[in-house]
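What follows is each chain in one-letter form.
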Amino acid sequence: MKLFNTLTNQLETFKPIYKNTVNMYVCGPTVYNFIQIGNARPVIFFDVVRRYFEYQGYTVNFVSNFTDVDDKIITKALEDETTEIEIANKFIAAFYQDVERVGSSTKYLAPRVTEYMSSIISYIEQLIEKGYAYTIDGDVYFRVGKIAEYGILSGRKLDELNIGSRIEVNQKKENPFDFTLWKKTEVGVNYPSPWGEGRPGWHTECVAMIQDIFDGPIDIHGGGADLMFPHHENEIAQNRALHPHYIANYWMHNGHLNIDNKKMSKSEGRYILVKDLDVDYMGFRLFTLSTHYRAPINYTDEVLESYVQEWDKIKRAYTQAFYKLDLAEYLDETIHDYEELKLIKQRFIAAMDQDFNTPNAITELQNLVKYTNQKIRQKDALSPLLSAVHLFDTFFEILGLTANIKRMSKETRSIYMEWADARKNKDFEKADRLRERLTERGVLS
Ligand SMILES: [Zn+2]
């Protein structure tokens, strides 16, 4: 399996640290708001990464954190006259709802920063001890100048950066790029530390939690491309200060999601929350996966709608094949390796093996739809249909798509037979009545 490693800027063959195991970490949300559709992209894509590795027989230890202490959470708590923990709990629950909506699994380890405070503090203490961090008036900063390879991930070099325009120049710091490991705070929730009361800096949270949970380097570190600098660069720097190895062997970054070819912006009205999407979420998932994860996605209502319709087409072929087997009471459960299906599957797997090329994989799902529709129209094609349904199940499992159909009950089956008879006999009134009942039961749409 090949994946594009942002650290080396090239396509590499995946080799796990531990046999048949993938240890991976994806930066999670800061929980002070509902997530917008751009935030759903890593939620969907990295879920597919996990699913595909599992399909290939790996055990995947998937970790994605919640940043539940942050200035934005403190501000929101003050605005709403509540506590930071209430805000965090509310938006963590909302996040999980959205994760489920878009078809991703919520069954993974999701550490909260506030639960790892002692690990984070001891991580900072080690950095100070080794001379990579210094304290000024209760704040702790990381000394970036001490890391020779600073910039290795983003390709940005310290001396090439236009300091004034990029970040706030803080006179207290030794170097304007030194970042905060611990921030002294007087407003909002704070925690005791050797440097006084305060809270950790965002960049140190992930790296300290990864160290605590995995106790060593991980295979894959993922996140949005906007996190590459400075967040991930700073994670690498802190880890290198304490360890000879890198924090992760492979870095994977997903591209942005734009709306009408522009960056999402709340103030300019280009801002859509996941919970407010008024479509079948499987259509949204298909839309998201139809662009390669490293490329930007351009969202428009029309494009999303076309994928919702595409999903309908896929679901219809699958459902009809399923019911055709059900109605024929087809009991043979042998899955045959039909040549055409074999090729579709091979091309699907080859696409996924090539840096998770989901758009090409989806093309094969569409080829499977064509194949299935042909077989539905043919007589005596029940065995190929069964094999096609089986392949649909595999593709759905990998891509995280759910068609949500149930086996027909005996009663439903007899209504279906009656409906088919009525149509054959051109008794349209009766057929319409029966059609309505079948629609109610979800058999016809
Ligand atoms: Zn992170």
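For clarity, every value in this text was computed on a predicted model and none was experimentally measured.

J.: Just checking my understanding: could you explain the nonpolar core for this structure?
T.: Note on soluble globular proteins: their nonpolar side chains tend to be buried together. Counting 99 residues, the largest nonpolar core has Ile37, Phe53 and Phe356 as its most contacted members. Top element by residues in this core is helix 9 (residues 301–327). It accounts for 11 residues. Counting 44 residues, the second-largest nonpolar core is a separate cluster that includes Tyr116, Ile120, Leu153 and Ala248.

J.: What exactly am I supposed to notice about the sheet that holds strand 5 (residues 133–136) here?
T.: Hydrogen bonds along the backbone pair up the strands of a sheet, which may run parallel or antiparallel. Reading across from one edge, 5-6-7-8 is the order of the four strands in this open sheet, with antiparallel pairing throughout. Edge positions in the sheet fall to strand 5 and strand 8 (198–200), since each of these pairs with one other strand and no more. Going from strand to strand, the sheet's axes swing by 20° on average, the running direction of each strand aside. With three bridges connecting them, strand 7 (residues 180–184) and strand 8 associate as antiparallel partners. Within the sheet, the bridge partner assigned to Trp182 lies in strand 8 and is Pro200.

J.: Explain the packing of aromatic side chains to me, please; I cannot follow it from the model alone.
T.: The relative placement of two aromatic rings is captured by the distance of their centres and the angle of their planes. The tally for this structure, following the rule as stated, stands at 30 aromatic pairs. Counting every residue linked through ring pairs, the aromatic cluster contains Phe14, Phe45, Phe46, Tyr52, Phe53, Tyr55, Tyr58, Tyr250, Tyr293 and Phe356. Over the ring of Phe4 we find Arg294; its NZ or CZ atom is 3.9 Å from the centre of that ring.

J.: Hey, could you run me through the domain arrangement of the protein chain in this one?
T.: It is common to give the size of an interface as the accessible area lost on bringing the parts into contact. Splitting the protein chain by domain gives domain 1 (2–277), domain 2 (298–399) and domain 3 (410–440). If you average the C-alpha positions of domain 1 and of domain 2, the two centres end up 37 Å apart. Between domain 1 and domain 2, the residue contacts involve 21 residues of the former and 16 residues of the latter. Across the domain 1 to domain 2 interface the summed buried area is about 1,600 Å²; carbon plus sulfur atoms make up 61%. Where domain 1 meets domain 2, there are one salt bridge. Close ionic contact of Glu397 with Arg51 constitutes a salt bridge, the shortest N to O distance being 3.6 Å. Inspection of the domain 1/domain 2 interface yields nine residue pairs in polar contact (both at pLDDT 80 or more). Elements supplying a minimum of two residues to the side of domain 1 that touches domain 2: strand 1 (2–5), helix 1 (40–55) and strand 11 (257–259). Here the side of domain 1 that touches domain 2 takes seven residues from helix 1, the largest share from any one element. Of the residues belonging to the side of domain 1 that touches domain 2, the class tally is 15 nonpolar, three polar and three charged.

J.: Where do I start with unusual backbone geometry in this structure?
T.: Negative phi is the rule for most residues except glycine; trans is the rule for most peptide bonds. Residue Phe229 is joined to Pro230 through a cis peptide bond whose omega torsion reads 0°. Position of Pro230 among the secondary structure elements: in helix 7 (residues 228–242). With a phi close to 60°, Asn9 is a non-glycine residue in the positive phi region. Relative to the assigned elements, Asn9 resides in the loop between strand 1 and strand 2 (10–13). We classify Asn9 as exposed; its relative accessible area is 56%. Residue Glu81 is not a glycine yet carries a positive backbone phi of 50°. Within the element layout of this structure, Glu81 appears in the loop between helix 2 (71–79) and helix 3 (84–101).

Conventions we followed
- Residues numbered from 1 in each chain as written.
- Predicted model: local features only at pLDDT ≥ 70, side-chain atom pairs only at ≥ 80, totals over all residues.
- Heavy atoms only, no water.
- Core = buried A, V, L, I, M, F, W, Y, C linked by side-chain atoms within 4.5 Å.
- Buried < 20%, exposed > 50% of the residue type's maximum accessible area, 1.4 Å probe, protein only.
- Helix = DSSP H or I, 4+ residues; strand = E, 2+ residues; numbered from the N terminus.
- Pairing = 2+ DSSP bridges.
- Axes fitted to C-alpha atoms, helices over the stretch in contact; angles between N-to-C directions.
- Phe/Tyr/Trp six-rings, centres within 6.5 Å; stacked < 30°, edge-to-face > 60°.
- Lys NZ or Arg CZ within 6 Å of the ring centre and 35° of its normal.
- Domains from an automatic or database assignment.
- Contact = heavy atoms within 4.5 Å.
- Buried area = accessible area lost by both parts, 1.4 Å probe.
- Salt bridge = Lys/Arg side-chain N within 4 Å of Asp/Glu carboxyl O.
- Polar contact = N/O pair within 3.5 Å; in protein donor to acceptor, adjacent residues only side chain to side chain.
- Nonpolar A, V, L, I, M, F, W, Y, C, P; charged D, E, K, R; others polar.

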